[in-house]
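Read off the chains here:
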Amino acid sequence: MMSGVPDSLLAQARSAAADGAWGVVRATLEADAAGTERDGARAVLLADACLWTGDPQSAARWLDRALPLLDQAGDRPAIRRSVNMLGAAAFAVGALAQASDRFAQALAMAISDDDVLLTARATNNLGLIASLRGDAEQSIAAYQRAIMTYQRLGNTRGLAESWHNLAISFRTRGELDAAEDAERRAVEFAHEADNPRLATMGLVGRAEISLRRGDFAWARATAARAAVVFEAIPDYLLLADALRVQADAADRLQLMASADVAIARALELARTHEHRTQEAQTLQTMAQMMLRRGDLASARVIGSQARDVFSQLGGVKAAEEMVEFLAGLAR
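Asker: Go over the packing of helix 16 (residues 276-292) against helix 17 (residues 296-313), please, and point to the residues and values.
Answerer: Following both chains from N to C, one finds helix 16 and helix 17 inclined at 160°, their axes separated by 8 Å at the closest point. Regarding the angle of helix 16 to helix 17, the classification is roughly antiparallel. Every pair of crossing elements has a handedness; the one defined by helix 16 and helix 17 is left-handed. Contacts between helix 16 and helix 17 pair Arg 276, Thr 277, Glu 279, Ala 280, Gln 281, Leu 283, Gln 284, Met 286, Ala 287, Met 290 and Leu 291 from the former with Leu 296, Ser 298, Ala 299, Ile 302, Gly 303, Gln 305, Ala 306, Val 309, Phe 310, Gln 312 and Leu 313 from the latter.

Asker: Provide a residue-level description of helix 11 (residues 176-192), including the pertinent values.
Answerer: Under the 1.5 Å per step criterion, the end-to-end length of helix 11 is 24 Å for 17 residues, consistent within 8% with the ideal 24 Å. Those residues of helix 11 lying buried are Leu 176, Ala 179, Glu 180, Ala 182, Glu 183, Ala 186, Val 187, Phe 189 and Ala 190. Buried residues in helix 11 make contact with helix 10 (156-172) and helix 12 (196-213). Directly after helix 11, the chain includes Asp 194, whose backbone phi takes a positive value near 55°.

Asker: Break down the environment of Trp 52 for me, with residues and values.
Answerer: Its location among the elements puts Trp 52 in helix 4 (residues 40-52). A residue is classified by how much of its surface remains accessible, and Trp 52, at 6% relative accessible area, is buried. Sequence separation between Trp 52 and Gln 288 is 236 residues, and the spatial gap between their C-alpha atoms is 30 Å. Not counting the four nearest positions on each side in its chain, Trp 52 is found in contact with Trp 22, Arg 157, Glu 161, Asn 195, Arg 197 and Asp 235.

Asker: Can you break down the side chain of Thr 36 residue by residue, with the values?
Answerer: For Thr 36, the location among the structural elements is in helix 3 (residues 33-37). Looking at Thr 36, the relative accessible area reads 0%, which means it is buried. Other than its neighbours up to four places away in sequence, Thr 36 contacts Leu 29, Arg 42, Ala 43, Leu 46 and Trp 62.

Reading the values: rules and limits
- Residues numbered from 1 in each chain as written.
- Predicted model: local features only at pLDDT ≥ 70, side-chain atom pairs only at ≥ 80, totals over all residues.
- Heavy atoms only, no water.
- Axes fitted to C-alpha atoms, helices over the stretch in contact; angles between N-to-C directions.
- Helix = DSSP H or I, 4+ residues; strand = E, 2+ residues; numbered from the N terminus.
- Parallel < 35°, antiparallel > 145°, perpendicular 65-115°, else oblique.
- Left-handed = near helix turned anticlockwise from the far one by under 90°.
- Contact = heavy atoms within 4.5 Å.
- Expected span 1.5 Å × (residues − 1).
- Buried < 20%, exposed > 50% of the residue type's maximum accessible area, 1.4 Å probe, protein only.

This is the structure in C-alpha cells:
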C-alpha cells in the first residue's frame, strides 16, 4: 500500500502463496479488489495466482493495472517479472507472437540486470515457443540451459518445470525412454519443492508416454487422478489437459461413453477460459478418436476445426500435422 501502514491482506496472501494455496491467494486479494487495483505488489501477486489457477485473461488484466504502478515506484525487479508473466498469459491463450516478444523482452531485462532466476525462467519459456513451432533442438537446448541455471540456484520448482518441458520435447521426437526419465525427474523435484500441482503435471506427462507405449489402463487411471487434483486447486488449463489424456486413453480402451464425457468437458473448459492451444489439442484428440471409431465425417469436421485453431496460433507444427491428417482422410 502507499501508506506506511502494514498491508495485512498482502501478508496473508503471500503466506498462502508460500504454501501453494493459489485459490486462497485469489480469494484474499479479490476480497478487496479496489485496494488491489491501487497496489502494484498486490496486483502482481493476484496475477500470479490467476496464472497458477489457469485464468490467464484475468492475469493479464491485473498485470496491465500493476505495471504503471510499478513503473511509478521504480520497482524494476517487479517490472521485469511482470513482463515475463504477461508472456505466460499470452502463451496460455495462444497469442504466441506476443508471448515470444514478452519472453524475449523479459530475458533482455534479466540479463541486463543480472537477474539469474528470471534469466532461467525466460529461457525456459522461450523453449516452450520453440517446441510449439516444431523446433525440438532449440527447445531442448533452452530447457537444458534453464536446468543448469536452476541447479546452480537450487531452485527445485524451476527444475520441475524445465524437466517436465524437456520430457514433452523428447516425447514429441519419439524418445520415450528419455521422456520417461525426464518426467520422473520432474516429479521428484516437484515433491522436493512440496508442489503437488507440478508433481501432478508430471504424472499427466507420464500418462501421455504410457498412451504411446500402449498402456492405456494406467494412462487413464493416472490422468483421472490428476484431474481430481487440478479440479480441487482449481487449475482449469491443466484440468482440461488431464481430461483430454483421460478421454484418449478411455477411447483406446473402447470405453466410448466415458471418453465422450471427458473430452467434452475438456473442450468446454478450454473454450470457456479461452485456452486456444489447449482447445486445438483437444480438437486434435477428438478427431483422432472419431477416426479410430470409423466416423470419417466427424473426423474431417473436427480435424478441420483443430487445423484452423492451430493455424490461428501462428507457425505451430501441429497445424501442418492436421493438414496431413485431413489429407489422409481424403485418400
